[in-house]
Amino acid sequence: MTKDSSVMPNYATIVNVLPLCATFDSSFGFKVGKELHCYTLRRPELGNETFVVNALLSFYLKFGRTREAEYVFSRMKSRDLVSWNSIISGYASNGQYHEALASFKEFRYLQTTPPDSITIIIILPVCASLYYLCTGKEIHAYVLRRASLHHDLTVGNALINFYAKCCCPEAALNTFLFASQVDIISWNTVLDAFAETSLEPQFAELFRLMLEDGSKPDGITLLTAVRFWTSLSPLKNIKETHGFAIRSGIMFTEVEATLGNAFLDAYAKLEEVDYALKIFEQLLGNKSMMYGYLNDSLHDFAANTTYSTMLESDLTTVNLMMRCYVQNEYPSEALGLFFDLQHGRVRPDATVITTILPVCGQMASVHLLQQFHAYAIRACFDDIHLNAALLDVYSKCGSISSAYKLYQSTPVKDIVVFTAMISGFATHGLGKEAIKIYEYMLRSGVKPDHVVVTAVLSACRHSGLVKEGLSIFNSIKEEYQMEPSTEQYACLVDLMGRKGQIKEAFSLLDEMPNAGNASLWGALLGACNTHHDMNIGHVVADHLLNIRSTDIGNYVVLSNLYAADNRWDEVLEMRRLMKMKEMKKPPGCSWIEVGKNKHRFVAGDCFHPERSRIFDALRHLLKHSKEIHWLPLV
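Residues numbered from 1 in each chain as written. Predicted model: local features only at pLDDT ≥ 70, side-chain atom pairs only at ≥ 80, totals over all residues. Heavy atoms only, no water.

### Description of the overall build of the protein
We count it as follows: Each helix corresponds to a stretch of at least 4 residues labelled H or I by DSSP, and each strand to a stretch of at least 2 residues labelled E; elements are numbered beginning at the N terminus. For the exposure calls, accessible area comes from a 1.4 Å probe over protein chains only, and a residue counts as buried if that area is under 20% of its type's maximum, exposed if over 50%, partly exposed in between. Note on contacts: a residue pair qualifies if any of its non-hydrogen atoms lie within 4.5 Å across the two residues. Here the accessible surface of atoms and residues is derived via Shrake-Rupley with a 1.4 Å probe, and residues count as covered only by protein chains that are part of the display.
When you go through the protein residue by residue, the secondary structure sums to 36 helices and 4 strands. Going through the 634 residues of the protein one by one, you find that 45% of them count as buried. Of all intrachain contacts in the protein linking residues separated by at least 6 positions in sequence, the fraction that spans at least 24 positions is 58%. Carbon and sulfur atoms make up 55% of the accessible area of the protein, which totals about 34,400 Å².

And the structure:
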């Protein structure tokens, strides 16, 4: 139809054209839709047509223009069920849950037409988002009184999902069991309800019932199972699920990448790098991977080299494999994968750079970190969390000045950036500087969370700032209504213990709402040993033995404490317990980067090529220190 055509658009034309506007570019589509709205206003016979107004309503809501939608809705002379469903759905899809629920209640009050299945499916997620359990139960009761709704499969699934999202797995299960019909979506939803609440026996039993019922799990079912078993860390169940995915053929369907990535991530978190690598090879092996070995001056390492045919969608898989290497401390393999990715067609994004950065900390290489930082600058990555990660690794590599420069140059600072800078100062013993950053954060209107509070208390602990630490500890409860965490109690106990305030630290532990764990009592025990407070030390020792700590450091301190008090039977008992539990203290290890070469030292290691010169220098320093009447603790 053109301007010169004698045929005029009718209501069917408008109703069919308006939904197409949402498929165009947002500015162009919205402009065309508004022109159509103006056209209907000039044609009263169209503007009064309910079908046309409903289409306009949906159009504005799809573009998130709730104000315009409200105006159209308020001027409607006649509203039908579609009108009410549209406005409720529009509010819900735009996150205006209270307005959606208010419209639903208004609809129930004004409209004689009862809600249909679409209305119920729209409003139940709204109740779940607001955690309005009572309102959802009222809707459930309404459904039970309407046979047409009670036997509707989609309504039943929506009810199961509602209870699952409200963390009511038992109610979700009851709804599932009493449903007149169920499908794979029903099974997946109720399984997800138990997965979210980590109820292992119930989840396993429900999964078994699903197989016995003859319902065939799909990719979503297995994704839920993998996520659930990973959270509980049973490798056996992950392997069984993996085997089922291969035997059933699901592993090789259209969800292969998503499910494969889930298995890769699961094996990585369970420290099963070999299994993760096999899945990585399977996902990318047929189209983009080859294997080779590179050699540098210090050691050989395996590297995965990507062909230039790798797709953008493969970046997630590569990033997961890289994170697997990083988390399990395979820095050379992670770097090999990164460099191969860098030379391929798909360039590393900000997420990949954030993933690889911890390798610089593991290798204590400022030089390598500067290269990644330069890459991020050249790529024009404007990512605040990448900046926070860079800042954190600069601190861990010993370059606190570079970390502070990056902090100052970050224009918009969120709580992650503040936390990284405070943690950096804490690590370097710069407690007063950390407190200044914390106070600036509060003045900026950023509300503290438990992570940043723990970081600033740790800074106070390392710098011996008892007064400031107590002030911050008390403020989080009084000003921000935050209950102190176990880690924050541990920081304060250690801080007071280092300053010799043993009785005060013991009283603080005694007043805790929950019983202190091994780290708390261990911190206090170390303070008792340092300040030779045997009376409180023996009480703390009894607590630790009752807790049955697995930290070998606590047993060593206990042994030293008993030895200082000439309680040799207890010393032998501590050594017996350490031997029985096969406890071994890991050897101390350090790195240093000289130029572009990294040097690694392990306690008791005599294999460094420059060991003779190093030991000569140490002997010279020791001799010189004795000459000036100072003897270091070695």
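### A word on the packing of aromatic side chains
Working definition: an aromatic ring pair is given by the centre-to-centre distance plus the angle between the planes. Worth spelling out the cut-off: Paired rings are identified among Phe, Tyr and Trp, the last through its six-membered ring, by centres lying within 6.5 Å, and are further divided according to the angle between planes into stacked (under 30 degrees), edge-to-face (over 60) and tilted (the rest). A ring is considered to have a charge above it if a Lys NZ or an Arg CZ atom is located within 6 Å of its centre and within 35 degrees of its normal.
Inspection of the entire model under this criterion finds 24 aromatic pairs. Between Tyr375 and Phe381 the ring centres are 6.2 Å apart and the planes differ by 55°, which places this aromatic pair in the tilted class. The residue whose ring lies beneath Lys278 is Tyr275, and the NZ or CZ to ring-centre distance is 5.5 Å. For the cation-ring pair, Lys413 lies above Tyr407, with the distance from its terminal atom to the ring centre recorded as 5.0 Å.

### Structural notes on unusual backbone geometry
Positioned with a positive phi, Glu271 is a non-glycine residue whose angle comes to about 65°. Topologically, Glu271 is positioned in the loop between helix H17 (256-269) and helix H18 (273-284). Its relative accessible area of 62% is what places Glu271 among the exposed residues.

### Things to note about the pattern of salt bridges
Keep this limit in mind: In the sections that follow, a salt bridge refers to a side-chain nitrogen of Lys or Arg positioned within 4 Å of a carboxyl oxygen of Asp or Glu.
As enumerated under the stated definition, the model contains 12 salt bridges in all. As a salt-bridge pair, Glu68 and Arg65 come within 3.4 Å of each other at their nearest N and O atoms. When the shortest N-O distance is used, the salt bridge between Arg227 and Glu196 registers 3.2 Å. With Arg227 in helix H15 (residues 219-232) and Glu196 in helix H13 (residues 184-196), this pair connects stretches of sequence that are 31 residues apart. Accessibility expressed as a relative area gives 37% for Arg227, which makes it partly exposed. In the salt-bridge network here, residues are joined through shared partners; they are Asp192, Glu196 and Arg227.

### Focus: the environment of Lys396
The topology assignment puts Lys396 in helix H24 (residues 384-396). Considered as a pair, Lys396 and Ser423 are 27 residues apart in the sequence and their alpha carbons are 9.5 Å apart.

### Describing the packing of helix H28 (residues 450-463) against helix H29 (residues 466-478)
This is how it is decided: With axes taken as lines fitted to C-alpha atoms, and helix axes fitted only over the stretch in contact, angles between N-to-C directions fall between 0 and 180 degrees. Any angle between 65 and 115 degrees counts as roughly perpendicular, while under 35 counts as roughly parallel, over 145 as roughly antiparallel, and the rest as oblique. Left-handed describes a crossing in which the near helix is turned anticlockwise from the far one by less than a right angle; the clockwise case is right-handed. Polar here means any residue other than Ala, Val, Leu, Ile, Met, Phe, Trp, Tyr, Cys and Pro, which are nonpolar, and Asp, Glu, Lys and Arg, which are charged; Gly is therefore polar.
Viewed as axis vectors pointing N to C, H28 and H29 meet at an angle of 160°, and their least axial separation amounts to 9 Å. On the basis of their axis angle, the class for H28 and H29 is roughly antiparallel. Relative to H29, the crossing made by H28 is left-handed. Packed against H28, whose contacting residues are Val453, Val456, Leu457 and Cys460, the element H29 presents Glu468, Gly469, Ile472, Phe473 and Ile476 at the interface. Its residues assigned to classes, the contact of H28 with H29 comprises 7 nonpolar, 1 polar and 1 charged.

### Digging into the packing of helix H25 (residues 400-409) against helix H26 (residues 415-427)
Direction vectors running N to C along H25 and H26 enclose 160°, while the axes themselves pass 10 Å from each other. Compared by their axis directions, H25 and H26 come out roughly antiparallel. Between H25 and H26 lies a crossing whose hand is left-handed. Listed contacts from H26 to Ile400, Ala403, Tyr404 and Tyr407 of H25 are Val417, Phe418, Met421, Gly424 and Phe425. Here the residues of the contact of H25 with H26 sort into 8 nonpolar, 1 polar and no charged.

### Considerations on the state of the cysteines
Stated formally: Two cysteine sulfur atoms form a disulfide, by the criterion used here, when they sit within 2.5 Å.
If you walk through the whole model with that rule in mind, you get 0 disulfides. Cys166 forms no disulfide, and the closest cysteine sulfur to it belongs to Cys168, at a distance of 5.8 Å. A residue is classified by how much of its surface remains accessible, and Cys166, at 0% relative accessible area, is buried.

### Some details on helix H2 (residues 26-42)
Rules: Residue count minus one, scaled by 1.5 Å, sets the expected span of a helix.
An ideal rise of 1.5 Å per residue puts 24 Å on 17 residues; H2 measures up with 25 Å between its terminal C-alpha atoms. Those residues of H2 lying buried are Gly29, Phe30, Gly33, Leu36, His37, Tyr39 and Thr40.

### Some points on the environment of Gln282
With respect to the secondary-structure elements, Gln282 resides in helix H18. Its relative accessible area of 29% is what places Gln282 among the partly exposed residues. Along the backbone, Gln282 and Gly260 are 22 residues apart, and their C-alpha atoms lie at a distance of 8.7 Å.

Coordinates in, geometry out; function isn't part of it.
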